[in-house]
Amino acid sequence: MNAIVALCHFCELHGPRTLFCTEVLHAPLPQGDGNEDSPGQGEQAEEEEGGIQMNSRMRAHSPAEGASVESSSPGPKKSDMCEGCRSLAAGHPGYISHDKETSIKYVSHQHPSHPQLFSIVRQACVRSLSCECRESAVAALTCWFFCMLQVCPGREGPIFFGDEQHGFVFSHTFFIKDSLARGFQRWYSIITIMMDRIYLINSWPFLLGKVRGIIDELQGKALKVFEAEQFGCPQRAQRMNTAFTPFLHQRNGNAARSLTSLTSDDNLWACLHTSFAWLLKACGSRLTEKLLEGAPTEDTLVQMEKLADLEEESESWDNSEAEEEEKAPVLPESTEGRELTQGPAESSSLSGCGSWQPRKLPVFKSLRHMRQVLGAPSFRMLAWHVLMGNQVIWKSRDVDLVQSAFEVLRTMLPVGCVRIIPYSSQYEEAYRCNFLGLSPHVQIPPHVLSSEFAVIVEVHAAARSTLHPVGCEDDQSLSKYEFVVTSGSPVAADRVGPTILNKIEAALTNQNLSVDVVDQCLVCLKEEWMNKVKVLFKFTKVDSRPKEDTQKLLSILGASEEDNVKLLKFWMTGLSKTYKSHLMSTVRSPTASESRN
């Protein structure tokens, strides 16, 4: 995130001061001496895309060190600083963290090294610790955000202010206990400055929670020190006894106390550097931009719905198992044993569907590969039944071959139209699945064998099967099989068939198209026909138009042939619940009914 995080303090002697700041450095640190950089190079390094950046040159010493550094540093002079205004000692090089994944460096020191950034941080520091600024900012925020953000109307809490010229600031002011300070507390603030107002506003809840965590830790440490000092030497009674003594004269030179002294933590600045660097990295990575090329497809919606159903089912199973565990001690031992023996017998063949994983090296690599193996006539018959929604049955001893075939064939259908039982020891009815894998010894009912709504692919061992072991995965592994495709209603060679089937075959036979290009063509074809399905669903199921109008619509869509009509009706079952409910809700709304009237 292109921003600066700083810790500010209101000194009773010098006013608002910046104690510690952490910057994001995108450009790599130079290998040579920083003084050799030309001004033009420095300006190019400063202006990077996105927001606040610092110069690629990094000084090796604190800005408060020596007169030579004071003349070139934008920070305050050493004479204008006290112990309460200083964080790092003279000569301290600062802190730097490297993010190797993104080549970003997080640099921490007391003041920004670039004069323009110093001015921006200085102005934000003054405004964050100014009562007048907080009152005006609260009034503006009340109008802008309508109380969506947590805005503190008092002196302590979060606030948002800024402009396009000086950047936008998220500021959180707080108090630190100090037994020697006026009112026994000192005023600090943590500010985050960046040029992107929208990003900073969207990060408000995240920054608020993390900054409050840092503040709570600082206040907790300071409170322990405060209580220990009050227990040893109470200041309240001593001040009441010297009520007429001027306050500035009775503090014995302890008006300026460093934050490390207040918290009794010598590693405070190293810890703050770690916290600020993590805050910048985490806030920058929590929000990402995604390019959306349009509305989600029906396949995406159906996959999301299936995922939600699986999550609900898993939660229900977890709840039922927890209830059974609670009831388990009450049941007799014989009942428990009987339930355990019934488990395998009652398991359905669908249970393997959830644990089914495709082969790492598929037997059928693509639709083009399957067409070459089966032959053009057999593949056309198989593809026709797949597109029409008829049941496709594969009988083979090789489970991986059946699963690979289904993995390839399912690419021709929308996700919502695919119902697979990868391998079963008994025949399953067509309403349960349109892809069914069977072992060779399973008997298929006679009415299915003669049905025109089913196609059977039987895989037999070839005569030279002994030359090829069963586990062979090379390009010739399918030569040990013979494929027989049969159906009660074979597709005639001269039959026109659905339009999408003809286009698929044209893409598969075009050798100039690679497999990846054919896959993209298939995606476009499915989207084209799913759009026609949506129009037909809206026309017939939602609007309830007469058959004459439906025939005219099919002619307009270019789907008036019988096979195209059957395909559209089958693909209509693959529409997502989200789309259907959206259409029904728009029909039932008063505005929709008025527009139809």
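Structure: above.
Residues numbered from 1 in each chain as written. Predicted model: local features only at pLDDT ≥ 70, side-chain atom pairs only at ≥ 80, totals over all residues. Heavy atoms only, no water.

Caption draft 1: Expanded view of the overall build of the protein chain. Of regular secondary structure, the protein chain possesses 22 helices and 12 strands. Across the 597 residues that make up the protein chain, the buried fraction comes to 45%. Within the protein chain, contacts between residues at least 6 apart in sequence are counted, and of these 70% link residues at least 24 apart. Carbon and sulfur atoms provide 54% of the accessible area of the protein chain, an area that totals close to 32,400 Å². (Helix = DSSP H or I, 4+ residues; strand = E, 2+ residues; numbered from the N terminus. Buried < 20%, exposed > 50% of the residue type's maximum accessible area, 1.4 Å probe, protein only. Contact = heavy atoms within 4.5 Å. Areas by Shrake-Rupley, 256 points an atom, 1.4 Å probe, with all protein chains shown as cover.)

Caption draft 2: Here's a closer look at the pairing of strand β5 (residues 157-163). Among the 7 residues of β5, 5 are classified as buried, and the element is accordingly described as predominantly covered. As paired strands, β5 and strand β6 (residues 167-177) are joined by 7 bridges and run antiparallel to one another. Each bridged residue has a counterpart across the sheet, and for D163 the counterpart in β6 is G167. Taken together, β5 and the strand that follows it, β6, pair antiparallel across an intervening segment of 3 residues. (Pairing = 2+ DSSP bridges.)

Caption draft 3: Quick peek at the sheet that holds strand β9 (residues 420-424). The 5 strands are arranged β9-β10-β8-β11-β12 in an open sheet whose pairing can be described as mixed. Each having just a single partner strand, β9 and β12 (481-487) make up the two edges of the open sheet. The sheet shows a mean angle of 15° between the axes of neighbouring strands, direction not considered. Of the strand pairs in this sheet, strand β8 (residues 391-395) and strand β11 (residues 454-461) are connected by 5 bridges, and their pairing is parallel. Directly across from W394, in β11, lies its bridge partner V457. (Axes fitted to C-alpha atoms, helices over the stretch in contact; angles between N-to-C directions.)

Caption draft 4: Main features of the pattern of salt bridges. In the structure shown here, the tally under the stated rule is 13 salt bridges. We note a salt bridge from K221 to E217, for which the minimum N-O separation is 3.8 Å. In this pair, K221 and E217 are both assigned in helix α6 (residues 204-232), 4 residues apart and thus about one turn of the helix distant. The exposure class of K221 is partly exposed, given its relative accessible area of 23%. Taking the shortest distance from any N to any O, the salt bridge between K532 and E528 comes out at 3.8 Å. A residue pair is termed a helical-turn pair when its members lie 3 or 4 positions apart in one helix, as K532 and E528 do in helix α18 (residues 515-542) at 4 residues. (Salt bridge = Lys/Arg side-chain N within 4 Å of Asp/Glu carboxyl O.)

Caption draft 5: Quick look at the packing of aromatic side chains. Across all of its chains, the model carries 15 aromatic pairs by this definition. Note on F10 and W187: the rings are 6.0 Å apart at their centroids and 50° apart in plane angle, and the pair reads as tilted. In this pair, F10 is assigned in strand β1 (residues 4-11) and W187 in strand β7 (residues 185-194), connecting sequence segments 177 residues apart. For F10, a relative accessible area of 33% corresponds to the partly exposed category. Between the aromatic rings of F20 and F276, the centroid separation amounts to 6.3 Å while the plane-to-plane angle is 40°, which identifies the pairing as tilted. In this pair, F20 is assigned in strand β2 (residues 15-25) and F276 in helix α9 (residues 268-285), connecting sequence segments 256 residues apart. (Phe/Tyr/Trp six-rings, centres within 6.5 Å; stacked < 30°, edge-to-face > 60°.)

Caption draft 6: Geometry of helix α3 (residues 115-128). Over its 14 residues, α3 extends 20 Å from the first C-alpha to the last, a length consistent with the 20 Å expected when each residue adds 1.5 Å. Taken together, the buried positions of α3 are occupied by L117, F118, I120, V121, A124, C125 and S128. All buried residues of α3 project into a common sector of 165° when viewed along the axis, lining one side. Seen from the open side of α3, the exposed residues pointing more than 90 degrees away from its buried face are P115 and Q116. (Expected span 1.5 Å × (residues − 1). Arc of directions from axis to C-beta.)

Caption draft 7: Representation of the nonpolar core. F364, W394, L409, F483 and W571 are the most contacted members of the largest nonpolar core, which totals 62 residues. For this core, the element with the most residues is α18, which contributes 10 residues. Residues contacting W571, with those up to four places away along its chain left out, are L387, M412, L413, P414, C417, I500, K526, W529, M530 and V533. M1, I176, A277 and C283 belong to the second-largest nonpolar core, a separate cluster that totals 41 residues. (Core = buried A, V, L, I, M, F, W, Y, C linked by side-chain atoms within 4.5 Å.)

Caption draft 8: Summary view of the sheet that holds β7. Read from one edge of the open sheet, 7 strands run β3-β4-β2-β1-β7-β6-β5, paired in antiparallel fashion. At either margin of the open sheet sits one strand with a lone partner, and together these are β3 (95-99) and β5. Neighbour-to-neighbour, the strand axes of the sheet open up by a mean angle of 20°, direction not taken into account. As defined by bridge partners, β3 adjoins strand β4 (residues 104-109) across 5 bridges and the pair is classed as antiparallel. Bridging from a neighbouring strand, I96 pairs with V107 of β4. In the packing of α9 onto the sheet, the strands contacted are β1, β2, β3, β4 and β7, and the crossing angle to β2 comes to about 55°.

Caption draft 9: Summary view of a negative patch on the surface. There is a patch of like negative charges on the surface, built from D309, E311, E312, E313 and E315. Tracing the backbone shows E312 in helix α10 (residues 298-327). (Patch = residues over 30% accessible without salt bridge, like charges linked within 9 Å, V, L, I, M, F, W, Y side chains within 5 Å. Lys, Arg positive; Asp, Glu negative; His and termini not counted. Charge placed at Lys NZ, Arg CZ, Asp CG, Glu CD.)

Caption draft 10: Structural view of the packing of helix α13 (residues 367-374) against helix α14 (residues 376-388). α14 packs onto α13 with a crossing angle of 125° between their chain directions and a minimal axis gap of 6 Å. Here α14 runs oblique to α13, going by the angle between their axes. Crossing geometry of α13 relative to α14 is assigned as right-handed. Counted together, L367, M370, R371 and L374 of α13 and A376, S378, F379 and L382 of α14 form the full contact between these two elements. (Parallel < 35°, antiparallel > 145°, perpendicular 65-115°, else oblique. Left-handed = near helix turned anticlockwise from the far one by under 90°.)

Caption draft 11: Representation of α13. Restricting attention to buried positions, one finds in α13 the residues L367, R368, H369, M370 and L374. Contact partners of the buried residues in α13: α14, α15 (399-409), β12, α17 (499-509) and α18. Positioned one or two residues after α13, G375 has a phi angle of 95°, which is positive.

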